[in-house]
Amino acid sequence: MNKMSNNILMLVSVVFAMLSGCSSTEKLEDTVTERVVASDFVLEVTTPTVIGTGETMKVKGTLTYTGIKPVEVTHGKPIIRFFFSGSDEERNYTDVGYVTEFKSGQVVEVEDEFLVSKKGAQNLYVDMTADIALTMNPIEILVK
């Protein structure tokens, strides 16, 4: 009888694990951080790589100045911009008119979010609106 109780307990555990793993409210949590270095600047972008349609995708860009001497940078607002092919949302950005003096170790963070509306392989594009030559390849996002 003891062996049969163990088998039943094992079966119930397996079924429970399978059902909880197939929940439709499960969040897809694959995240990646891409990094580009140019001159005295480092750009890092953190984004989910798998997300569901109808969810809100949150992205974050961090620009760090690693130089020693202060430097003035002309840019638009925000300095880091995101475009996501999996969303129909549009952004209004200011293209020019801002000057920031970056000091050694200074960090600028920009966060944005998109309502995901298109399934399949989509791309997150990252653009700098500054007189800094930083180019990041598109980051592929799988929308389920």
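Note that residues are indexed from 1 along each chain, following the sequence as it is written. Local features in a predicted model are, by the rule used here, given only for residues with pLDDT of at least 70; side-chain atom pairs are given and counted only at 80 or more, and totals for whole chains, interfaces and linings are based on all residues. Side-chain figures throughout are based on the complete set of non-hydrogen atoms in the structure, without hydrogens or water.

### What about unusual backbone geometry?
Right, on to step 1. Cis geometry is adopted by the peptide bond preceding P78, which originates at K77 and carries an omega value of -5°.
Right, on to step 2. By definition, any uninterrupted DSSP run of H or I lasting at least four residues is a helix, any uninterrupted run of E lasting at least two residues is a strand, and each is numbered from the N terminus. Counting through the fold element by element, P78 comes out in strand β5 (residues 71-84).
Right, on to step 3. Despite not being glycine, S39 has its phi angle at roughly 55°, a positive value.
Right, on to step 4. Checked against the element boundaries, S39 lands in the loop between β1 (31-38) and β2 (41-48).

### Observations regarding the nonpolar core
Right, on to step 1. Buried residues of nine kinds, namely Ala, Val, Leu, Ile, Met, Phe, Trp, Tyr and Cys, make up a nonpolar core once their side-chain atoms join them within 4.5 Å. Exposed residues in this analysis have more than 50% of their type's maximum accessible area, buried residues have under 20%, and partly exposed residues fall in between, with area computed by a 1.4 Å probe over protein chains only. Ranked by internal contacts, the top residues of the largest apolar core, which has 29 residues, are L63 and L124.
Right, on to step 2. Only β1, β2, β4 (56-65), β5, β7 (107-115), β8 (120-130) and β9 (139-143) provide two or more residues apiece to this core.
Right, on to step 3. With five residues, β5 is the single largest residue contributor to this core.
Right, on to step 4. Contacts were defined at the residue level, with two residues in contact if any of their heavy atoms lie within 4.5 Å. Excluding its chain neighbours within four sequence positions, the residues that come into contact with L63 are F41, V42, L43, I79, I80, F102, Q106, V107, V108, M128, I132 and L134.

### Description of the confidence of the model for the chain
Right, on to step 1. One number per residue, pLDDT, summarises how confident the predictor is, and it ranges from 0 to 100. Here the chain averages 84 in pLDDT, and 80% of its residues register 70 or above.
Right, on to step 2. Counting contacts from residues 9-28, a segment whose pLDDT is below 50, to residues more than four positions away or on other chains yields six contacts.

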